[in-house]
There are 2 protein chains.
Amino acid sequence: MLKVPEHQVAGHLAIDGKLGPLVDDSGRFYKPLQGDGRGNKELAFYESFSSDTRVPDHIRKYFPVCYGSQLLEASNGSGLLHHLVLQDIVSSHRSPSIMDIKIGSRTWYPEASDNYIQKCLEKDRRTTTVSLGFRIAGLQLYEGKESGYWRPGRKEVQSFTVYNVRSILRRFVSSNSSIGNENSDCSFAPSIYGGSAGILEQLLELKAWFEDQTIYHFHSCSLLILFDKESVSKGSASVPEIKLIDFAHVVEGKGVIDHNFLGGLCSLIKFVSEVLSDSKESSIKDCVESEKPGICTDNGNCQ
Amino acid sequence: MLKVPEHQVAGHLAIDGKLGPLVDDSGRFYKPLQGDGRGNKELAFYESFSSDTRVPDHIRKYFPVCYGSQLLEASNGSGLLHHLVLQDIVSSHRSPSIMDIKIGSRTWYPEASDNYIQKCLEKDRRTTTVSLGFRIAGLQLYEGKESGYWRPGRKEVQSFTVYNVRSILRRFVSSNSSIGNENSDCSFAPSIYGGSAGILEQLLELKAWFEDQTIYHFHSCSLLILFDKESVSKGSASVPEIKLIDFAHVVEGKGVIDHNFLGGLCSLIKFVSEVLSDSKESSIKDCVESEKPGICTDNGNCQ
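Residues numbered from 1 in each chain as written. Chains lettered and ligands numbered in written order. Predicted model: local features only at pLDDT ≥ 70, side-chain atom pairs only at ≥ 80, totals over all residues. Heavy atoms only, no water.

Chain A is annotated in an unreviewed UniProt entry as Inositol polyphosphate multikinase of Gossypium harknessii. Reading the Function (unreviewed entry) entry of the UniProt record for chain A gives the comment "Inositol phosphate kinase with a broad substrate specificity." Chain A has a UniProt comment under Sequence similarities (unreviewed entry) that states "Belongs to the inositol phosphokinase (IPK) family." (UniProt positions renumbered as here; feature names shortened; annotations may be inferred.)

Here we come to the relation of the copies chain A and chain B. You can overlay chain A on chain B at an RMSD of 0.0 Å; the transform is a turn of 180° with a shift of 0.0 Å along its axis. The two molecules are tied by a two-fold rotation axis, judged by turn and shift. Taking C-alpha positions as the reference, the residue of chain A nearest the rotation axis is A:G263, at 2.2 Å. Same-surface contact between copies: 100% of interface residues of chain A are shared with the interface of chain B. (Least-squares fit on C-alpha atoms with pLDDT ≥ 70 in both. Contact = heavy atoms within 4.5 Å.)

It is worth spelling out the interface of chain A and chain B at this point. The partner chain B presents 33 residues to the 32 residues of chain A that form the contact. Summed over both partners, the interface of chain A with chain B buries about 2,400 Å², with 56% contributed by carbon and sulfur atoms. Three residues, A:R125, A:H259 and A:K270, lead the burial of chain A against chain B; their summed loss comes to 23% of the area buried on that side. Our count for the chain A to chain B interface comes out at 6 salt bridges. A:E211 serves as the salt-bridge partner of B:K207, at 2.6 Å between the closest nitrogen and oxygen. Taken together, chain A and chain B are joined by 14 residue pairs in polar contact (both at pLDDT 80 or more). For the side of chain A that touches chain B, the elements supplying multiple residues, two or more each, are α3 (114-126), α4 (129-132), α6 (162-171) and α10 (259-289) of chain A. Among the elements that make up the side of chain A that touches chain B, the one with the highest residue count is α10(A) (8 residues). Of the residues assigned to the side of chain A that touches chain B, the class counts are 13 nonpolar, 10 polar and 9 charged. (Buried area = accessible area lost by both parts, 1.4 Å probe. Salt bridge = Lys/Arg side-chain N within 4 Å of Asp/Glu carboxyl O. Polar contact = N/O pair within 3.5 Å; in protein donor to acceptor, adjacent residues only side chain to side chain. Helix = DSSP H or I, 4+ residues; strand = E, 2+ residues; numbered from the N terminus. Nonpolar A, V, L, I, M, F, W, Y, C, P; charged D, E, K, R; others polar.)

Before going further, it helps to spend a moment on the environment of B:K270. Position of B:K270 among the secondary structure elements: in helix α10 (residues 259-289). Relative accessible area serves as the criterion here: at 12%, B:K270 is assigned to the buried category. Along the primary structure B:K270 and B:S283 are separated by 13 residues, whereas in three dimensions their C-alpha atoms are 20 Å apart. B:K270 has contacts with A:E211, A:D212, A:T214 and A:I257, leaving out every residue within four places of it along the chain. (Buried < 20%, exposed > 50% of the residue type's maximum accessible area, 1.4 Å probe, protein only.)

This paragraph deals with the packing of aromatic side chains. The full count for this structure, using the stated rule, is 44 aromatic pairs over all chains. With a centroid separation of 5.7 Å and 65° between ring planes, the pair formed by B:F45 and B:Y46 is classed as edge-to-face. As far as burial versus exposure is concerned, B:F45 and B:Y46 are alike and both buried. Among the aromatic residues, those joined into a cluster by ring pairs are A:F45, A:Y46, A:F49, A:F63, A:W209, A:F210, A:Y216, A:F218, A:F247 and A:F261. The ring of A:W108 has A:R106 sitting right over it, with the charged end atom 5.2 Å from the ring centre. (Phe/Tyr/Trp six-rings, centres within 6.5 Å; stacked < 30°, edge-to-face > 60°. Lys NZ or Arg CZ within 6 Å of the ring centre and 35° of its normal.)

All names here are of chain B. As defined by bridge partners, strand β2 (residues 28-32) adjoins strand β4 (residues 80-87) across 5 bridges and the pair is classed as antiparallel. Bridged to F29 within β4 is L86. Inspection of the sheet shows strand β3 (residues 66-73) paired to β4 by 6 bridges, in the antiparallel sense. Among the inter-strand pairings, C66 is bridged to a residue of β4, identified as L86. (Pairing = 2+ DSSP bridges.)

On to the nonpolar core, then. Ranked by size, the top nonpolar core spans 128 residues in total, and within it A:Y193, A:F218, B:Y193 and B:F218 carry the most contacts. The residues contacting A:F218, other than those within four sequence positions of it, are A:F45, A:F63, A:W209, A:F210, A:Q213, A:F247, A:V250, A:D258 and A:F261. Residues A:L121, B:W108, B:A112 and B:V251 belong to the second largest nonpolar core, which totals 16 residues. (Core = buried A, V, L, I, M, F, W, Y, C linked by side-chain atoms within 4.5 Å.)

Next up on the list: the pattern of salt bridges. Under the criterion given, the structure shown has 35 salt bridges over all chains. Among the ionic pairs, A:K61 bridges to A:E205, the shortest N-O distance being 2.9 Å. Taken together, the residues span a long stretch of sequence, with A:K61 in the loop between α2 (57-60) and β3 (66-73) and A:E205 in helix α8 (residues 199-210) at a distance of 144 residues. A relative accessible area of 41% means that A:K61 is categorised as partly exposed. For A:R166, the salt bridge goes to A:E274, with nearest N and O atoms at 3.3 Å. Note that A:R166 is positioned in helix α6 and A:E274 in helix α10, a separation of 108 residues in sequence. Taken together, the shared-partner salt bridges connect A:R166, A:K270, A:E274 and B:D212 into one network.

What follows covers the side chain of B:H259. Inspection of the secondary structure puts B:H259 in helix α10. Here the side chain of B:H259 touches A:S131 through a polar contact of 2.8 Å, landing on its backbone oxygen. Excluding its chain neighbours within four sequence positions, the residues that come into contact with B:H259 are A:S105, A:V130, A:S131, A:L132, A:G133, A:G263, A:G264, A:S267 and B:R106.

Right, here's the structure in full:
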């Protein structure tokens, strides 16, 4: 019944006898509780979060539903192990394009040990975490029935530069997204990043909460962006989604906003809105160049 | 003609034969160009900034006017030295209360040397920089004609905790601000922090620019808040001011927003708005308790 998740783009994978998360067919995601206390910290976060009445309902949708913990056979064959039981947020998508973005210009928290801080800082400086306030931790891009997914390896992802990140945010919403294509058309930007239910609006809703909430500080937490390219290509309604995951390093906010997460989120918002406005400009240009008598609509199409 | 500034609350002081800034009676502030390149970097910033047409006019008022550089006798007697000639932003105030707040959860920049980063990081962790996204670098509080100013020493300022910062932001706008008084009345909060020309509105205007601008990253830059308590006490119009200063560590933004500054600014905004809303609540309570038939106005007074 339990199997290795097909669409996991970052983190430990349950392959080659290693410990990793599992999924079932009913839409649940089983994440092994890591032994060093991180697993219990994440479980404690979900328990605190789910009962905290200060968290508004419109914010809860950005978090996976948690169904508690359960003893299961671990994927590495080590026997029974406690697993966090979560909503499998990918299960409702047929061929999802997914980006895992670790938010914040530092992934460590003030209370951590010097060793841990130095380790994180070194990686934060090596990736775009310090410069951008976020880094891409993994992704898969659905390219079509024949070519399948583009899923760069861990080493490639960790070497992404600011230039790469900008380019990937464009490719993510392009119909011509295959590797080596520098002229991403961003044709899905208006329907995925834009619109009243699009990624940008969702990011802005999250931002408004982070400007105010002083309950939690989300260190080393990831923001997933996911959508179904095939549905969009076919013109059927597809709602792009944002989910926050990985809460092993959440600490109490103690009356202070999570300025580290908020800063990174604002930086991501700026990038996404630039892709969106570029795509609108280029579609206006296309309309003019095609000498169509029509006008360009808000979603970037010619009429 | 040149003298030691009376109201300098942070940085190197031109006393005891040391090198520091000087002022004259015409409202100019002369800052010695530091020999290690920092002085020239700050001068270069002012030159670039003053001619950059991308900076909107309503943002320029948050920066001191720069009149170039000038050779002057240094305050430490070492002879002629280049000085940055700036607007003396304090000169228009008679008895200014001033807070110097270093913005950002890190004061170092990615391109700096490992040694420099470790030195900054150590201080950022020791102060409230990492936890709050800003730290108070110096302040003076006008307490009245008899008691004069409260100006804590450098060591005391560097030991400020989150609790101290919150308390000082309250004392800063209180009529009963003397040391040891835990029950700051925040009676000037509505007129200094609040209102359409108040500190909070100015901070929000600055924030809107930082959400968009990708020209500069302001590392280790300070935000000054200053106002004239005496004028406010007497009920005369006094416009509280915000100025950004110290640009020796500004680097190019290269198309990325300054998420480090923005995050810290948002954290400060949250603190200031809490003082303001607390003061409104307590003035409503006062009105009710005094059994006055009147209502509480927006600026926190009973009518």
